[in-house]
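Geometric and topological summary
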Amino acid sequence: MKLSEIKTELKKLSQIAFQLPDGELVPSHFHVTEVGKISKHFIDCGGVVRKEEVANFQLWEANDFDHRLHPEKLIHIIELSEDKLEIPDLEIEVEYQMKETIGKFDLKFDGTNFQLVSKLTDCLAKDKCGIPTEKLKMKIGEWKVKENSCCTPNSNCC
């Protein structure tokens, strides 16, 4: 989800809710403590230099149960960040404190809640580093003999 998309969705809402991948909601007394731009300049295992940029939101929950972040306030925070930090219309990455570490998530919207979507690592140069393509996995008993196969269970070829 891009910054322009979240602002569009926030304008339609009376309250904000973020949902974790396991279906649990982030407590409603969360705060967005940071909105920023993160730049990553790196080289992949195939030797290709790459650059990535994302808009970053950090969600945090405190013991402040009396205040709730309203959609218009979050729109204001986003627009202020876009202006002061010169953030273009980037994809959003959300940081949220999990039990043991900070989780990083992509963001989607289901019409009601903002969905924190798990991110996965991946090799960006599979064609250069020798990682074999994943083979089709089948369960024993699901395999069927081809009609034109020379080897069938009763053919005595094996």
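Residues numbered from 1 in each chain as written. Predicted model: local features only at pLDDT ≥ 70, side-chain atom pairs only at ≥ 80, totals over all residues. Heavy atoms only, no water.

Thoughts on the packing of helix H1 (residues 3-10) against helix H2 (residues 71-84)
- Two elements in contact, H1 and H2, have axes whose closest approach is 9 Å; the angle formed by their N-to-C orientations is 155°. By the angle class used here, H1 and H2 are roughly antiparallel. As for how H1 packs across H2, the hand of that crossing is left-handed. Contacts from Leu3, Ile6, Lys7 and Leu10 in H1 reach Pro71, Leu74, Ile75, Ile78, Glu79 and Glu82 in H2. (Axes fitted to C-alpha atoms, helices over the stretch in contact; angles between N-to-C directions. Helix = DSSP H or I, 4+ residues; strand = E, 2+ residues; numbered from the N terminus. Parallel < 35°, antiparallel > 145°, perpendicular 65-115°, else oblique. Left-handed = near helix turned anticlockwise from the far one by under 90°. Contact = heavy atoms within 4.5 Å.)

Some thoughts on H1
- Among the residues making up H1, those that are buried are Leu3, Ile6, Lys7, Glu9 and Leu10. Buried residues in H1, looked at end-on, bunch into an arc of 165°, giving them a common side.
- Structurally, H1 contributes buried residues whose contacts are with strand S3 (49-61), H2, strand S4 (92-97), strand S5 (102-109) and strand S6 (114-118). (Buried < 20%, exposed > 50% of the residue type's maximum accessible area, 1.4 Å probe, protein only. Arc of directions from axis to C-beta.)

What to know about the sheet that holds strand S2 (residues 30-43)
- The strand order across the open sheet built from six strands is S1-S6-S5-S4-S3-S2, with neighbouring strands paired in mixed fashion. Each of the sheet's edge strands pairs with one partner strand only, and the pair in question is strand S1 (18-19) and S2.
- As paired strands, S1 and S6 are joined by two bridges and run parallel to one another. Each bridged residue has a counterpart across the sheet, and for phenylalanine 18 the counterpart in S6 is phenylalanine 114. (Pairing = 2+ DSSP bridges.)

Remarks on the side chain of serine 81
- Within the fold, serine 81 resides in helix H2.
- A distance of 2.8 Å separates a polar side-chain atom of serine 81 from the backbone oxygen of isoleucine 77.
- In this structure, serine 81 is in contact with Val35, Glu86 and Ile87, ignoring residues within four places of it in sequence. (Polar contact = N/O pair within 3.5 Å; in protein donor to acceptor, adjacent residues only side chain to side chain.)

Observations regarding the pairing of S5
- Residues Gly103, Phe105, Leu107 and Phe109 line the buried face of S5, whereas the alternating positions Ile102, Lys104, Asp106 and Lys108 sit on a face that is not buried.
- Of the pairings in the sheet, the one linking S4 to S5 comprises five bridges and is antiparallel in character. Across the sheet, residue glutamate 93 finds its bridge partner in S5, namely aspartate 106.
- Counting the residues in the hairpin turn of S4 and S5 gives four residues.
- The sheet contact formed by S5 and S6 spans five bridges and is antiparallel.

Quick look at the packing of aromatic side chains
- Counted under the stated rule, the structure contains three aromatic pairs.
- Arranged with centres 5.2 Å apart and planes meeting at 85°, the rings of phenylalanine 18 and phenylalanine 30 form a pair that is edge-to-face. Here the residue phenylalanine 18 occupies a position in strand S1, and phenylalanine 30 occupies one in strand S2, the gap between them amounting to 12 residues. Just as phenylalanine 18 is buried, phenylalanine 30 falls in that class too.
- The ring centre of phenylalanine 42 lies 4.8 Å from the NZ or CZ of lysine 40, which sits over that ring. (Phe/Tyr/Trp six-rings, centres within 6.5 Å; stacked < 30°, edge-to-face > 60°. Lys NZ or Arg CZ within 6 Å of the ring centre and 35° of its normal.)

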